[in-house]
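This is what each chain is made of:
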Amino acid sequence: MTTSITTFLTYDTQAEEAAKLYTLLFDGTIKETMRYPAVGPRPAGSVLSVTFQLLGQTYIALNGGPTFTFGQGFSLMVQVDTQAEIDRLWKKLTENGGKEGQCGWLVDKFGVSWQIVPKQLGGMLSDKDKGKSSRAMQAMMGMQKLDLAKLQSAFDGV
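Definitions and limits used
Residues numbered from 1 in each chain as written. Predicted model: local features only at pLDDT ≥ 70, side-chain atom pairs only at ≥ 80, totals over all residues. Heavy atoms only, no water. Helix = DSSP H or I, 4+ residues; strand = E, 2+ residues; numbered from the N terminus. Buried < 20%, exposed > 50% of the residue type's maximum accessible area, 1.4 Å probe, protein only. Areas by Shrake-Rupley, 256 points an atom, 1.4 Å probe, with all protein chains shown as cover. Lys, Arg positive; Asp, Glu negative; His and termini not counted. Charge placed at Lys NZ, Arg CZ, Asp CG, Glu CD. Salt bridge = Lys/Arg side-chain N within 4 Å of Asp/Glu carboxyl O. Contact = heavy atoms within 4.5 Å. Axes fitted to C-alpha atoms, helices over the stretch in contact; angles between N-to-C directions. Left-handed = near helix turned anticlockwise from the far one by under 90°. Nonpolar A, V, L, I, M, F, W, Y, C, P; charged D, E, K, R; others polar. Core = buried A, V, L, I, M, F, W, Y, C linked by side-chain atoms within 4.5 Å. Phe/Tyr/Trp six-rings, centres within 6.5 Å; stacked < 30°, edge-to-face > 60°.

J.: Can you help me understand the overall build of the chain in this one?
T.: When its secondary structure is counted, the chain shows five helices and eight strands. Secondary structure elements of the chain occur, N-terminal to C-terminal, as β-α-β-β-β-β-α-β-β-β-α-α-α. Taken along its principal axes, the extent of the C-alpha atoms in the chain is 65 × 40 × 25 Å. Counting every position in the chain, which comprises 158 residues, the buried fraction comes to 39%. Approximately 9000 Å² of the chain is accessible, and the part contributed by carbon and sulfur atoms is 54%. Across the chain, the 16 positively charged side chains and the 15 negatively charged ones have centroids separated by 1 Å.

J.: Sorry if this is basic, but what is going on with the pattern of salt bridges here?
T.: Pairs can form between side chains of opposite charge once their charged atoms are near each other. Throughout the structure, instances matching the rule amount to seven salt bridges. The salt bridge involving D12 is made with R42; its shortest N-O contact spans 3.3 Å. One end of the pair, D12, is in the loop between β1 (7–11) and α1 (15–25); the other, R42, is in the loop between β2 (29–35) and β3 (47–54), with 30 residues separating them in the sequence. Exposure remark for D12: the relative accessible area of 27% places this residue in the partly exposed category. One salt bridge connects R88 with E85, and the closest N-O pair in it is separated by 2.9 Å. On the criterion of helical spacing, the pair formed by R88 and E85 is a turn pair, its members being three residues apart in helix α2 (residues 83–94). Through salt bridges with shared partners, a single ionic network connects K91, K92 and E95.

J.: Looking at this model, I keep getting lost on α1. Mind explaining?
T.: Because each turn of an α-helix spans 3.6 residues, side chains separated by three or four positions end up pointing in the same direction. Turning to α1, its buried residues are A15, A18, A19, L21, Y22, T23 and L25. Residues of α1 that are buried sit in contact with β1, β2, β3, β4 (57–63), α2 and β8 (113–118).

J.: Explain the packing of helix α4 (residues 130–141) against helix α5 (residues 148–156) to me, please; I cannot follow it from the model alone.
T.: For the pair α4 and α5, the least separation of the axes is 7 Å and the interaxial angle reads 145 degrees. α4 and α5 meet at a crossing whose hand is right-handed. Residue-level contacts link K132, S133, R135, A136, A139 and M140 of α4 to L151, A154, F155 and D156 of α5. The class makeup of the residues in the contact of α4 with α5 is six nonpolar, one polar and three charged.

J.: I would appreciate a short explanation of the nonpolar core in the present structure.
T.: What tends to happen in soluble globular proteins is that the nonpolar side chains get buried as a cluster. Ranked by size, the top nonpolar core spans 27 residues in total, and within it Y11, Y22, F52, L93, W114 and I116 carry the most contacts. Elements supplying a minimum of two residues to this core: β1, α1, β3, β4, β5 (75–80), α2 and β8. If you tally residues by element for this core, the top one is α1, at six residues. In contact with Y11, other than residues within four places in its own chain, are A18, Y22, A61, L62, N63, G64, G65, F70, F110 and V112. Counting residues in hydrophobic clusters, the runner-up holds 13 residues, among them C103, M140, M143 and F155.

J.: I'm lost on the packing of aromatic side chains in this one. Help?
T.: To describe a pair of aromatic rings, you give the distance between the ring centres and the angle between the ring planes. Scanning all chains against the criterion turns up seven aromatic pairs. Centre to centre, the rings of Y11 and F110 are 5.9 Å apart; their planes meet at 90 degrees, and the pair counts as edge-to-face. Of the two residues, Y11 is situated in strand β1 and F110 in the loop between β7 (105–107) and β8; the sequence distance between them amounts to 99 residues. When sorted by exposure, Y11 lands in the same class as F110, which is buried. Here the aromatic rings of Y22 and F52 are separated by 6.2 Å at their centres, their planes lie at 45 degrees, and the arrangement is tilted. Pair noted here: Y22 is in helix α1 and F52 is in strand β3, with a separation of 30 residues, a long-range link. Three or more aromatic residues joined by ring pairs form one cluster here, namely Y11, Y22, F26, F52, Y59, F70, F110 and W114.

Honestly, that's just the spatial picture; any functional story needs more than this.
What follows is the structure, given as structure tokens:
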């Protein structure tokens with residue numbers, strides 16, 4: 001039986017920079033930094049991988065070279081309580097080369113896709129009242145960064 005699943009992210013050369021940003025944003029910790037030995041494909045002592053934790057989840061970031069890229073079929077979804085958290089994470093993850101997407105999705109400067117979503121959205125979209133859930137869905141589809149107040153107003157029919 002499997003005892004754990006770890007998200008493994010492969011970068012060209014930015015593993016350490018990405019781990020530092022993510023641990024700063026999510027009050028995480030870097031657990032270990034491995035370095036290339038003298039016989040590796042990269043210069044001896046350069047960062048091979050960084051193991052870090054965010055909200056109790058372990059991740060490993062590897063410097064594997066330019067042939068590895070991220071696709072939008074994989075994303076990290078962050079559910080937050082407030083608009084202030086949406087705004088803070090959106091700003092930090094899109095600055096310096098990140099790109100805004102639709103419906104709360106963005107791609108950070110390293111190419112990793114993120115979804116920054118208010119916790120309340122799931123309940124809105126799955127509400128038994130189809131009018132409410134449809135209005136919330138329609139509002140979300142017209143947004144890039146999600147606006148919790150506008151989503152709530154659409155859901156409420158205001």
